[in-house]
Every structure is written in structure tokens, then in C-alpha cells.
Amino acid sequence: MILNFEAFIVAITILTLTPGLDTAVVIRNTTRSGMRDGAVTSFGVCLGLFVHATFSAIGISAILLQSAELFQTVKLIGAAYLIWLGASSLYGVFKGNAGFEVSDAKHEQLSVSRSLREGFLSNVLNPKTAVFYLAFLPQFIDPQGSPFMQSMLMAGIHFMIAMIWQCGIAGAVGSAKQLFKSPKVIGWMEGVTGAVLISLGIKLMLEEPPTPTV
């Protein structure tokens, strides 16, 4: 059902591994109440992906009802946005602005509802995630299939990859905190992500649209 499935897996995996707001929230909560806090927070974060995928699917479906040409235009705009994101990441590396702050916190008792809420809201209310999903998912949607089912499938794959990565971070938060404080490590990861986004955006921009069946 998904176009360019291999490209999707590579891109979403590398993007998941790149530190961002969601990773920072998982690390912060792990230092607060331990690995279970980080795992529950990660689960909340990943649940938010389905919210973004739903809104993306609704928008894609509405566009497809208008015309196939409009859908292709949206894909081109999305590909250009991916290139811009990649260029911005590389620019941040060259300027030395890559990375985020990871603060230390006192150990507190685990509150599942609090951790789940914090993870979910940090993802759902993150405008960067919303815009990224709106630009990213259409690149892999087959217009002849169900945009909603394909979006949910991609969100499900992203869910599994993100849960594995973030729970791994929660399990090794002592070393992970120092790792993510390293400007060299953050810069390297941002650089790889930027290069992947640019190459993916160019590939999708030059790709011929699928021929509709009669």
C-alpha cells in the first residue's frame, strides 16, 4: 500500500534517532522517576503520532477529492519542505547550534497518568511534528489506496521504531544523558539527518507520479 516503502523506513528511522523535543522529555522523565517513567512517557509520545497521521490523512483525502494534479502539487511542496528541513539541519550544524539541553532532576515517585499526559501533549502540541507529518506522509501515499489506512500504517511503523529507540534510551539514561550533551554527537546526528532529508526530497521531487488505472 505504501509507495517507496524502503525510503520511508530509512527516513523515519534516521529521523527517530535524531534527538528532539520528544527525546528530551523521555530523558527528563527517566531521570525523574526511573526507566518506567521514561517508557510510559515514550508510549504517550508515540500515541500522539496517530493524531498527526489522522489530520494528515483527512487533508490528503480532501485534496484527492479535488484533483490528482492538486495532490501532485502538494507532494512537490512537501518534497521542497523536506529539502528545506535538511538544509536547516545542516545550517545548524555549521553554526554550532545543534542539540538541546538535558537538565538533571530529583527522583520522584512514578505517576503513570502524569507521564502519559506529558508525553502525549509534548508530541501532539509540537507544531514541528504536525507540519512534518503533513509534508512527509503524502510522499508515500498511493492515491489509488486509502489515505487513512496508509497513514495509520506509517504511524504504526513510526510508533514501533520510536518506542524501541526511546525505551532503549530510558534503559541506559545514565550514559545517554552524557551522549546527548556532546555537541559532536548531536552535530553528527543532525548532519546525517539533514543529508538524508535533502536527498529524499530531491528523489521524491524528481519522481514520476504513478499512472492511474482505468
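Note that the coordinates shown come from a computational prediction; the quantities given were computed from them, not determined experimentally.

Draft legend 1. Representation of the overall build of the chain in the model. Along the chain, the regular secondary structure elements total nine helices and zero strands. Along the chain direction, N to C, the helices and strands of the chain fall in the order α-α-α-α-α-α-α-α-α. Buried positions account for 45% of the 214 residues belonging to the chain. At a minimum sequence separation of 6, the contacts of the chain that also span at least 24 residues come to 88%. In the structure as shown, the chain presents an accessible area of about 10,900 Å², 69% of it carried by carbon and sulfur atoms.

Draft legend 2. View of the UniProt feature "transmembrane region" (unreviewed entry) in the chain. What UniProt calls "transmembrane region" (unreviewed entry) maps, in this numbering, to residues 39-64, 76-94, 152-173 and 185-206. Structurally, residues 39-64 is divided into 100% helix and 0% strand, and its ends, taken at the C-alpha atoms, are 38 Å apart.

Draft legend 3. Just the packing of helix α2 (residues 21-33) against helix α7 (residues 147-171), in detail. Where α2 meets α7, the axes come as close as 9 Å, and the angle between the chain directions of the two elements is 35°. The two elements α2 and α7 cross, and the hand of that crossing is right-handed. Between α2, through Asp22, Thr23, Val26, Ile27 and Thr30, and α7, the contact on the second element is made entirely by Trp165, Gln166, Ile169 and Ala170. Residues that form the contact of α2 with α7 fall into these classes: five nonpolar, three polar and one charged.

Draft legend 4. Geometry of the packing of aromatic side chains. Enumeration according to the criterion identifies five aromatic pairs in this entry. Consider the rings of phenylalanine 8 and phenylalanine 136, whose centres lie 5.8 Å apart with planes at 35°: the pair is tilted. Within this pair, whereas phenylalanine 8 is found in helix α1 (residues 5-17), its partner phenylalanine 136 is found in helix α6 (residues 127-136), the two being separated by 128 residues in sequence. Residue phenylalanine 8 is classed as buried on the basis of its relative accessible area of 1%. Given the relative accessible area of 0%, phenylalanine 136 is considered buried.

Draft legend 5. How the structure looks around the packing of α2 against helix α5 (residues 112-124). Between α2 and α5, the least distance of the axes is 9 Å, while the angle of their chain directions is 165°. In terms of axis orientation, α2 runs roughly antiparallel to α5. In this structure, the crossing between α2 and α5 has a hand that is right-handed. Of α5, the residues touching α2 (which contributes Leu21, Asp22, Val25, Arg28, Asn29, Arg32 and Ser33) are Arg114, Ser115, Glu118, Ser122 and Asn123. Across the contact of α2 with α5, the residue classes break down as two nonpolar, five polar and five charged.

Draft legend 6. Structural view of the state of the cysteines. Tallied over the entire structure, the rule returns zero disulfides. Counting only cysteine sulfurs, cysteine 167 is the nearest neighbor of cysteine 46, a cysteine outside any disulfide, at a range of 7.7 Å. For cysteine 46, a relative accessible area of 0% gives the class buried.

Draft legend 7. Structural detail: the confidence of the model for the chain. Residues at a pLDDT of 70 or more form 79% of the chain, whose mean pLDDT is 77. Mean pLDDT values for the elements of the chain range from 59 in helix α8 (residues 173-181) up to 91 in α7.

Draft legend 8. Geometry of the side chain of histidine 158. Residue position: histidine 158 is located in helix α7. Looking at histidine 158, its side chain comes within polar contact range of the side chain of threonine 16, at 3.3 Å. Apart from the residues lying within four places of it in its own chain, the contact partners of histidine 158 are Ile12, Thr16, Leu49 and Tyr133.

Draft legend 9. Broad picture of the environment of valine 112. With respect to the helices and strands, the residue valine 112 is situated in helix α5. Classification of valine 112 as partly exposed rests on a relative accessible area of 47%. Sequence separation of valine 112 and threonine 41 is 71 residues, and the distance between their C-alpha atoms is 8.3 Å.

Draft legend 10. Broad picture of α1. If you check α1, its first and last C-alpha atoms are 18 Å apart, about what 13 residues at 1.5 Å a residue would give, namely 18 Å. All buried positions along α1 are accounted for by Ala7, Phe8, Ala11, Ile12 and Thr16. Projected onto a plane normal to the axis of α1, the buried residues spread over an arc of 150° and lie on a single side.

About the thresholds
- Residues numbered from 1 in each chain as written.
- Predicted model: local features only at pLDDT ≥ 70, side-chain atom pairs only at ≥ 80, totals over all residues.
- Heavy atoms only, no water.
- Helix = DSSP H or I, 4+ residues; strand = E, 2+ residues; numbered from the N terminus.
- Buried < 20%, exposed > 50% of the residue type's maximum accessible area, 1.4 Å probe, protein only.
- Contact = heavy atoms within 4.5 Å.
- Areas by Shrake-Rupley, 256 points an atom, 1.4 Å probe, with all protein chains shown as cover.
- UniProt positions renumbered as here; feature names shortened; annotations may be inferred.
- Axes fitted to C-alpha atoms, helices over the stretch in contact; angles between N-to-C directions.
- Left-handed = near helix turned anticlockwise from the far one by under 90°.
- Nonpolar A, V, L, I, M, F, W, Y, C, P; charged D, E, K, R; others polar.
- Phe/Tyr/Trp six-rings, centres within 6.5 Å; stacked < 30°, edge-to-face > 60°.
- Parallel < 35°, antiparallel > 145°, perpendicular 65-115°, else oblique.
- Disulfide = S-S within 2.5 Å.
- pLDDT = per-residue confidence, 0-100.
- Polar contact = N/O pair within 3.5 Å; in protein donor to acceptor, adjacent residues only side chain to side chain.
- Expected span 1.5 Å × (residues − 1).
- Arc of directions from axis to C-beta.

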